[in-house]
Amino acid sequence: MQMHFYKNNESIKKISITNYDDLHYNITDDDVNMEIVLKPEVIITRENKEYYFKLDITNNTCIYKLKEYNLTYDIEILSKNYLENDQEIIIEYQLNTDQDQNKIIIKKEDTNEGTN
């Protein structure tokens, strides 16, 4: 299974996902642990020793915490979208702290033999 990251529709990274089920994805990239949960709410978290980030697409909330200083910031979500079909999951969002539109695409494994 592959996860693709985009900024303004430009591909910036592709990661293989090995730890997942239908509703939960765990990814470690360099020193950052990322988790995507799809049910009951769509939530993306990223964390390392310096920060904790949580984007709750369903409830329209986002926080960023600097661990060393124990400071937490609320971040405004300017736009968000979640789509799922048989081939992929698409999560798009833009935050007021970033001028770029972010997109995560999770390509689902093809379980049907003889189809593309």
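Overview of the structure. As the structure is a prediction and not an experimental result, all values here were calculated from the model.

A cluster of acidic residues, D30, D31, E50 and E68, forms a negative patch on the protein surface. Note that E68 resides in the loop between strand 8 (61–66) and strand 9 (71–74). The exposure class of E68 is exposed, given its relative accessible area of 68%.

Bringing the packing of aromatic side chains into the picture now. If you walk through the whole model with that rule in mind, you get 2 aromatic pairs. Taken together, a centroid distance of 5.9 Å and an interplanar angle of 15° make the contact between Y20 and Y25 stacked. When its relative accessible area of 2% is taken as the criterion, Y25 is described as buried. In this structure, R46 is placed above the aromatic ring of F53, and the distance from its NZ or CZ to the ring centre is 4.2 Å. It is K103 that lies over the ring of Y6; its NZ or CZ is 5.9 Å from the centre.

Conventions adopted
Residues numbered from 1 in each chain as written. Predicted model: local features only at pLDDT ≥ 70, side-chain atom pairs only at ≥ 80, totals over all residues. Heavy atoms only, no water. Patch = residues over 30% accessible without salt bridge, like charges linked within 9 Å, V, L, I, M, F, W, Y side chains within 5 Å. Areas by Shrake-Rupley, 256 points an atom, 1.4 Å probe, with all protein chains shown as cover. Salt bridge = Lys/Arg side-chain N within 4 Å of Asp/Glu carboxyl O. Lys, Arg positive; Asp, Glu negative; His and termini not counted. Charge placed at Lys NZ, Arg CZ, Asp CG, Glu CD. Helix = DSSP H or I, 4+ residues; strand = E, 2+ residues; numbered from the N terminus. Buried < 20%, exposed > 50% of the residue type's maximum accessible area, 1.4 Å probe, protein only. Phe/Tyr/Trp six-rings, centres within 6.5 Å; stacked < 30°, edge-to-face > 60°. Lys NZ or Arg CZ within 6 Å of the ring centre and 35° of its normal.

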